[in-house]
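# Inside the fold
Chain residues, written in single-letter form:
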Amino acid sequence: MSSSDLLVDLGDDHATAQLGQLKLSTYEEQQWPADEAPSESDSAQPFDAASPHLPWDHPFYDIARHQIIEVAGDDHFGRKVIVFNACRMPPHHQLDHHKLLLYLKGTLDQYVESDYTLIYFHHGLTSENKPSLGWLRDAYREFDRKYKKNIKALYIVHPTMFIRTLLILFKPLISFKFGRKINYVNYLSELEDVVKCEQLVIPARVREYDNKLRANLKPSAQPPMSPPRSPPLPNQVFGVPLSTLRQRSADGEPVPVVMRDTIGFLSERGLEMEGIFRRSANVTLVKDVQQRYNSGAIVNFYDMEDVHLAAVILKTFLRELPEPLLTYHLYNDIVNFTSVSEESQVTVMKTLVESLPEENYVSLRFLITFLAQVAANSEINKMTNSNLAVVFGPNLLWGRDNAMSLSAIGPINNFTRILLDQQHLVFT
């Protein structure tokens, strides 16, 4: 994953020889728990739109079924989170590493124009499944500046001596700028500063390993556990169902105040901002604004004059809804929407969105109408309907397990793009 920036010319004989001498951890390396082992029966399973698997005849089916790469919403800064699970890589003979590289690029291609974060779960990378040096060399050549420019952080979770030595070995050849983006994460609880762990589908093997690491520490050296979910405040706004927010509203307004505030401000100050919705924001400011909303205080974005902050708050609000704006009920219909004929798309889409609860429907219409204004200024802000769909698709709908592979992201983004293209017909 990170070899594009971490490794230099692997054709160098001395470096290759040293790298080849590095040994990997052998901790339970030969064991595949029953709930995560890739089984031969996978290839015989029919395509389930609610599963992370692509159809069996899809070119990337044999890669996607292992769930090595996932997308897990946004982090606390408003950046997309891409997750790479080393423990889900099967032995060499069961995985085409070239296709894995193409699959990873396919995932990143959707987000590299925006700020994004990579989380690499290193536990489970063994001598049986680690990529060859040739693969690393190919990755170095394939991942050009397009992929490096907007990655804001790389988090290496549960680093071993292998990965630490690897980075030390090539430290003189890693740019200072990228070197500052690399972060070691020794315990899962440390990720809470970056992203809510509950939105990450962390493999059972990784959680078990984390628990064993903790158990081996002396009580005085125990790292803090992930903080428990705080009980909702009386005026809680983030993470609260739309129906509850509507009931609390003095006038029964179905569109939540956060959406009205952010969209009102962005409609006046952000339509010509290049890269709107693609940039991250200061996490302290994001948390401060969330706290002010949750405490019942009035938030005035005009006082802060920060377009990217308002954009991140809008995306964060949508992502933290207990149920996505498009609801779990429509998940299968939306993921399967690609099978709807072009002449029937508007009719089917109109039927789907009109089946939403009223507060969801009105809020969706409010949002999509605004995004159509953003797209109308795309020559200046560079945010076409396709670009907006990539940003907002995963914030409008996700599976019950939160993370999504390419099999779900593609159809969800496609549905969102068509909704933006046809909004004038869908919402009439």
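What follows is about the nonpolar core. Of all hydrophobic cores here, the largest spans 65 residues; its most connected members are Leu266, Phe277, Leu314, Phe317, Leu318, Leu367 and Phe392. Those residues in contact with Phe277 that lie beyond four places of it in its chain are Leu266, Ala311, Leu314, Lys315, Phe370, Leu371, Val374, Met383, Leu388, Val391 and Phe392. The next biggest cluster of nonpolar side chains, apart from the first, holds 37 residues, and it includes Tyr120, Leu125, Trp135 and Ile151.

Glancing now at the environment of Pro322. Residue position: Pro322 is located in the loop between α14 (307-319) and α15 (331-335). The class of Pro322 is partly exposed, set by a relative accessible area of 41%. Dropping the residues within four chain positions of it, Pro322 is found in contact with Gly239, Val240, Pro241 and Tyr328.

Moving on: the packing of helix α12 (residues 283-294) against α14. The packing of two helices is summarised by the inter-axis angle and the distance between the axes. Between α12 and α14, the shortest axis-to-axis distance is 10 Å and the interhelical angle comes to 60 degrees. Of the possible angle classes, the one that applies to α12 and α14 is oblique. Viewed along their axes, α12 and α14 form a crossing whose handedness is right-handed. From α12, Leu285, Val286, Val289, Gln290 and Tyr293 reach across to α14, where they touch Leu309, Val312, Ile313 and Thr316.

All right, on to unusual backbone geometry then. In the Ramachandran plot, Gln67 falls in the positive-phi region, its phi being about 55 degrees despite a non-glycine side chain. Mapping Gln67 onto the fold places it in the loop between α3 (61-64) and β1 (69-74). The residue Lys382 is not glycine, and still its phi comes out positive at about 65 degrees. Among the secondary structure elements, Lys382 is positioned in the loop between α18 (378-381) and α19 (385-396). Taking the relative accessible area as the measure of exposure, Lys382 reaches 40% and is therefore partly exposed.

Once that is clear, we can look at helix α11 (residues 257-269). In an α-helix, one turn spans 3.6 residues; hence positions three or four apart end up facing the same way. Compared with an ideal rise of 1.5 Å per residue, which puts 13 residues at 18 Å, α11 spans 18 Å between its outermost C-alpha atoms and is within 8% of the ideal. Within the span of α11, buried status applies to Val258, Met259, Thr262, Ile263, Phe265 and Leu266. What you see down the axis of α11 is that its buried residues fit within an arc of 165 degrees, all on one side.

Turning our attention to the packing of aromatic side chains. Overall, the coordinates contain ten aromatic pairs when judged by the stated rule. Consider the rings of Phe238 and Phe317, whose centres lie 5.8 Å apart with planes at 80 degrees: the pair is edge-to-face. In this pair, Phe238 is assigned in the loop between α9 (204-215) and α10 (242-248) and Phe317 in helix α14, connecting sequence segments 79 residues apart. Residue Phe238 is classed as buried on the basis of its relative accessible area of 3%. Exposure remark for Phe317: the relative accessible area of 0% places this residue in the buried category. Consider the rings of Tyr361 and Phe427, whose centres lie 5.7 Å apart with planes at 55 degrees: the pair is tilted. Pair noted here: Tyr361 is in helix α17 (residues 358-376) and Phe427 is in the segment after α21 (423-426), with a separation of 66 residues, a long-range link. According to the relative accessible area criterion, Phe427 is buried, its value standing at 13%. Through a chain of ring-to-ring contacts, three or more aromatic side chains come together here, namely Phe238, Tyr293 and Phe317. Looking at Arg79, its charged tip hangs above the ring of Phe77, at a distance of 4.1 Å from the centre.

Criteria and cut-off values
Residues numbered from 1 in each chain as written. Predicted model: local features only at pLDDT ≥ 70, side-chain atom pairs only at ≥ 80, totals over all residues. Heavy atoms only, no water. Core = buried A, V, L, I, M, F, W, Y, C linked by side-chain atoms within 4.5 Å. Buried < 20%, exposed > 50% of the residue type's maximum accessible area, 1.4 Å probe, protein only. Contact = heavy atoms within 4.5 Å. Helix = DSSP H or I, 4+ residues; strand = E, 2+ residues; numbered from the N terminus. Axes fitted to C-alpha atoms, helices over the stretch in contact; angles between N-to-C directions. Parallel < 35°, antiparallel > 145°, perpendicular 65-115°, else oblique. Left-handed = near helix turned anticlockwise from the far one by under 90°. Expected span 1.5 Å × (residues − 1). Arc of directions from axis to C-beta. Phe/Tyr/Trp six-rings, centres within 6.5 Å; stacked < 30°, edge-to-face > 60°. Lys NZ or Arg CZ within 6 Å of the ring centre and 35° of its normal.

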